[in-house]
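# Examination of the molecular architecture
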Amino acid sequence: MPIVEREPPKGRRESYVLPKVPVPPLKQTLDMYLTSIKHLVKEEQYQKTKSIVEKFGEPGGTGELLQEKLLEKSINTHNWVYDYWLDDMYLNQRLALPVNSNPAMVFPKQDFRDHKDSLKFAAHLITGVLEYKKHIDTRALPVDFSRGQLAGTPLCMKQYYRLFNTYRLPGLKRDTLVIHETGSTEQEHIIVACKNQFFVMDLVVKEKTLKEMDILSQLEKMVKMAENTEERQPPFGLLTSDGRTEWAQTRDVLIKDSVNRESLAVIEKCLCVVCLDDPSGMEVGDTSRALLMLHGGGHEKMGANRWYDKPMQFVVGEDGVCGTVCEHSPFEGIVLVACTEYLMKFMTGSPSKIGRATSVSELPAPRRLLWKTTPHIQGLLKASAERLQRLVRDLDMDVHKFEVYGKEFIKKQKMSPDAYIQVSLQLAFYRCNGRLVSTYESASIRRFHEGRVDNIRSATPETLAFVKAMTDEKTSLSDSEKIKRLWDAINAQTNSTIAAITGMGIDNHLLGLREISQEIHMEMPEIFTDETYVASNQFILSTSQVPTTVEMFCCYGPVVPNGYGCCYNPQADHLLFSVTSFHGSTETSSAVFIKALDEGLVEMRDLCLYQGSPTLFLERYPPGGLHQGPPTLFLERYRPVGFHSNPVPGERPS
Ligand code: COA
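Residues numbered from 1 in each chain as written. Predicted model: local features only at pLDDT ≥ 70, side-chain atom pairs only at ≥ 80, totals over all residues. Heavy atoms only, no water.

Looking at an unreviewed UniProt entry, one finds the protein chain named Choline O-acetyltransferase and attributed to Oncorhynchus tshawytscha. Within the UniProt record for the protein chain, the comment given under Function (unreviewed entry) is "Catalyzes the reversible synthesis of acetylcholine (ACh) from acetyl CoA and choline at cholinergic synapses." Entered under Catalytic activity (unreviewed entry) in the UniProt record, the comment concerning the protein chain runs "choline + acetyl-CoA = acetylcholine + CoA". (UniProt positions renumbered as here; feature names shortened; annotations may be inferred.)

Moving on, we come to the sheet that holds strand β17 (residues 553-555). With mixed pairing, 8 strands are arranged side by side in an open sheet as β12-β6-β5-β9-β10-β11-β2-β17. Looking at the sheet topology across the chains shown, the edges are occupied by β12 (367-368) and β17. Both strand β10 (residues 312-317) and strand β11 (residues 322-326) contribute to a ladder of 5 bridges, which runs antiparallel. The residue of β11 that forms the bridge with Val 316 is Cys 322. (Pairing = 2+ DSSP bridges. Helix = DSSP H or I, 4+ residues; strand = E, 2+ residues; numbered from the N terminus.)

Okay, the sheet that holds strand β13 (residues 395-402) next. Strand pairing in a sheet relies on backbone hydrogen bonds. The paired strands run either parallel or antiparallel. Pairing is mixed across the open sheet formed by 6 strands, whose spatial order is β13-β19-β18-β16-β14-β15. Pairing within the sheet leaves two strands with one partner each, and these edge strands are β13 and β15 (453-456). Here the strands of the sheet are splayed against their neighbours by 20 degrees on average, with no regard to which way each runs. Against the sheet, helix α14 (residues 417-433) contacts β14 (439-444), β16 (541-545), β18 (564-570) and β19 (575-582), and its axis sits at roughly 145 degrees relative to β18. (Axes fitted to C-alpha atoms, helices over the stretch in contact; angles between N-to-C directions. Contact = heavy atoms within 4.5 Å.)

The next point concerns the nonpolar core. With 57 residues, the main nonpolar core has Leu 163, Phe 164, Ile 190, Met 201, Leu 219, Leu 276 and Met 312 as its most contacted residues. Only α6 (115-137), β5 (189-194), β6 (197-202), α7 (212-227), β9 (273-277), β10, β11 and α11 (333-349) provide two or more residues apiece to this core. At 10 residues, the largest contribution of residues to this core is made by α6. If we skip the residues at most four places from it in the chain, Phe 164 touches Val 129, Tyr 132, Lys 133, Ile 136, Gln 187, Cys 270, Leu 271, Cys 272, Lys 310, Met 312, Phe 314 and Cys 339. With 47 residues, the next largest nonpolar core counts Val 266, Leu 291, Leu 294 and Cys 555 among its residues. (Core = buried A, V, L, I, M, F, W, Y, C linked by side-chain atoms within 4.5 Å. Buried < 20%, exposed > 50% of the residue type's maximum accessible area, 1.4 Å probe, protein only.)

What follows concerns the UniProt feature "active site" (unreviewed entry) in the protein chain. Mapped onto the present numbering, the UniProt feature "active site" (unreviewed entry) falls on His 328. Here His 328 lies in the loop between β11 and α11. Once you skip the residues sitting within four places of it in the chain, His 328 turns out to touch Tyr 90, Ser 101, Asn 102, Pro 103, Gly 333 and Arg 452. Polar contacts involving the side chain of His 328 include one to the side chain of Tyr 90, which spans 3.3 Å. (Polar contact = N/O pair within 3.5 Å; in protein donor to acceptor, adjacent residues only side chain to side chain.)

The next thing to look at is the packing of aromatic side chains. Taken as a whole, this structure holds 18 aromatic pairs when the rule is applied. Ring plane angle 80 degrees and centroid distance 5.9 Å describe the contact between Phe 56 and Phe 528, whose orientation is recorded as edge-to-face. Here Phe 56, found in helix α3 (residues 43-57), pairs with Phe 528, found in helix α18 (residues 526-529); they are 472 residues apart in sequence, far enough to count as distant. Judged by its relative accessible area of 5%, Phe 56 is buried. Taking the relative accessible area as the measure of exposure, Phe 528 reaches 6% and is therefore buried. Centroid distance Trp 85 to Tyr 90: 5.6 Å. Interplanar angle 80 degrees. Geometry classified as edge-to-face. Residue Trp 85 shares its accessibility class with Tyr 90, and that shared class is buried. Aromatic ring contacts, followed pair by pair, group Phe 198, Phe 236, Trp 247, Trp 307 and Trp 371 into a single cluster. Note that Arg 139 overlies the ring of Tyr 161, its terminal NZ or CZ placed 3.9 Å from the centroid. (Phe/Tyr/Trp six-rings, centres within 6.5 Å; stacked < 30°, edge-to-face > 60°. Lys NZ or Arg CZ within 6 Å of the ring centre and 35° of its normal.)

Quick look at the structure:
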C-alpha cells in the first residue's frame with residue numbers, strides 16, 4: 001500500500017542517531033534577516049521593515065509566541081521544518097515541472113554506432129539501476145559523511161530511500177508526494193517511453209528477475225511496437241509537462257475512464273521511467289544536451305516522450321544524448337549525483353552481460369499502455385503542448401566551462417572555493433544589472449535527521465562592498481583595498497555557509513514562524529506580508545553547487561521570470577557553469593551573464609596573484625591597466641542586437 005507523505009520510522013541507526021534540526025534563537029534570526037536585506041532595499045523601506053521586525057521581536061510579542069510554538073513542535077516531531085519546507089518549496093508550487101522545478105543530470109555524450117547500440121546502453125543502465133535498488137532495499141548503502149566545511153559528520157541517508165519509490169501526484173491546490181514502501185511488490189516494473197508511447201516492463205517474470213539480455217530483448221520489442229503507427233496512442237506524457245493545477249484538472253477528467261485509470265496507476269507505481277529518444281536533429285553540444293534534458297525540445301521533439309511526475313527518469317537518445325530528469329521533491333541533487341555516479345561507474349566498470357547469462361525463457365510481449373481520449377481530452381493535450389512550447393522558446397541556456405583555473409587555485413589562496421564562486425556570481429550579476437538581489441544558495445542540512453536544505457543568502461553587505469570596488473570604484477581604490485574587500489566578502493560568505501549547514505539559516509526559521517502562525521489561525525503577522533519579506537523570497541539569483549567526480553553536470557531553470565538559475569560544478573582545474581534565464585525578461589541574458597562571470601573570475605584571480613606577490617603582479621599588470629573600460633552595465637554593453645525579441649512576451653504558464 002502506498003503511504004502518503006511520511007513513512008513510519010524504521011529505526012535505522014544512521015538516521016536516528018542524528019540530531020534534530022535546531023530552532024535558531026529568535027533574536028539571532030531577526031538580526032540576520034535585517035542585515036541580509038538592509039543593502040538590497042531603499043533606506044525608507046528598510047526603516048519600515050526594521051520597525052515591523054522590532055515589533056514582531058519585542059518581549060512578549062508575536063515572535064516570542066510563535067517561537068514557543070515552534071520549539072514545542074520541534075520536541076514533538078522528528079523534523080519541525082520538513083513538511084513546511086516540502087510544501088513551500090515544491091508541493092504548493094503551481095508552475096510546470098519541466099524547467100521550473102525538475103533538475104537534470106547530463107551524462108557524457110555517448111557514441112552509439114547504431115540504434116541497437118543505444119538499446120544495449122539502456123539495458124545496461126537498467127541493470128545498473130536494479131543493482132543500485134538492491135543496495136537501497138537491503139539498506140546496504142554506505143553512510144555519507146560531510147566534506148568541505150566542517151567535514152567528517154555523518155549525513156542523513158533518508159533521501160536515498162526516496163529515489164525509486166516516490167511519485168508526485170498533481171493536486172488542484174497542492175500536490176502530494178506519494179511514497180511506496182521500499183521493496184514493495186507493486187513496484188516490480190519500469191515504464192519505457194518510446195515515440196511518446198508508454199510500455200510496461202515487468203522486471204520479475206515467472207518469479208525470476210530479468211537478466212540484461214532479457215531487458216534488451218524487451219526493449220527491442222517495445223521499439224518495434226512503437227513503430228507501428230496503427231496502434232499509436234496519443235502523447236499523454238505531455239499532460240505532465242503542464243502547470244500543476246492544469247494537469248490535476250486534466251487528470252480528474254482522465255480517471256473517469258477505467259482504461260486511463262489503469263494506465264495511470266501503473267505509471268504512478270513504477271520504479272523509474274526510461275525514455276528512448278529519437279535523434280533530436282539538434283547539434284549535439286553541452287547546451288543543447290542540457291536543453292533536451294530539461295524540456296525535451298517541446299512536443300515536436302522529445303517533450304512528450306517523458307513523464308515529468310516521476311522522480312527518476314532516464315533518457316537514452318539514439319544520438320548519444322543521455323541523462324536523468326528528476327522530480328525534485330523527494331531528494332536533492334547531491335543524492336542524485338551519488339546514484340548517477342554509481343550508474344556511470346557500473347556502466348564503465350562492469351561489462352555488459354548480454355550474450356553470456358541465461359535468459360528467462362519465453363518472455364511475455366511487453367504491454368503498451370492504452371489511453372481513452374475524447375475531443376475534450378484532445379483539446380487539453382493541444383493546450384498542454386502549446387504551453388510546453390512557450391516554455392521551450394523562452395528558456396535561455398548557456399553551459400560554460402571556465403578553463404582558466406579551478407578549485408585547486410582557489411584552495412591555494414586559502415579561500416573556500418564555494419565562497420569564492422558565490423562572490424564571483426555576485427560580481428557577475430552586479431556587472432550586468434548594477435545592483436545585488438536576493439540570492440539563494442542551497443546549503444545541505446543533512447547533518448540533521450531528515451535534513452534537506454536551507455538557504456545561504458549570498459548577497460551579503462561585504463560582497464556588495466567588494467563588487468563595487470571591482471566596478472563603480474575600480475579606478476579610485478587601490479588593489480590592496482580590493483583584496484581586503486575580497487577577503488571580507490569570502491569570510492562573510494563562509495560564515496553564512498557554516499551558519500546554514502549547522503541549522504542556523506534564517507529562511508527555514510522564518511518559514512516555520514510564518515506557517516505556525518497559520519496553524520494556530522493567527523492573522524498573518526505583518527513581518528510576512530511586508531514587501532521586503534515578499535521581495536526577499538523572490539530569488540532572482542538561484543544558485544547551487546552540484547559537484548561530480550565523473551564527467552557529467554547538473555542544470556535547472558530560473559525560479560522567477562526575471563531571474564537566473566546557476567548550477568556550478570567546481571573541478572580541480574576548471575569550473576563548469578550551467579546558466580539559465582528567460583528570453584521573456586529584458587533584465588537577463590545567460591550569454592551576457594557568462595561573459596561577466598568569465599571576466600570577473602579572471603580579475604579575481606589577478607587580485608589573488610597580486611596578494612601572493614605584489615612586485616611580480618605590478619610587472620605583469622601596470623597600475624591602471626587591470627580594471628579599464630567604461631562603467632557601462634554589461635547587459636547594455638554586450639547584449640546582441642535584437643537578442644531579447646521575445647517570441648511570446650511576458651507569457652509563462654502558471
Ligand atoms: N583554504 C583551503 N581549502 C579550503 C578552504 C580554505 N579556506 N575552505 C574550504 N577548502 C576546501 C575544503 O576543504 C574542500 O576540500 P576538498 O575538495 O578536498 O573536499 C573544498 O575546499 C571545498 O570546500 P568549500 O568550497 O568550502 O565548499 P563545501 O564543499 O564545504 O561546500 C556547500 C559548501 C554550501 C556547497 C555545501 O556545504 C553544501 O551544502 N552542499 C550541498 C548543496 C546542495 O544541496 N546542492 C544541491 C541542491 S539540489
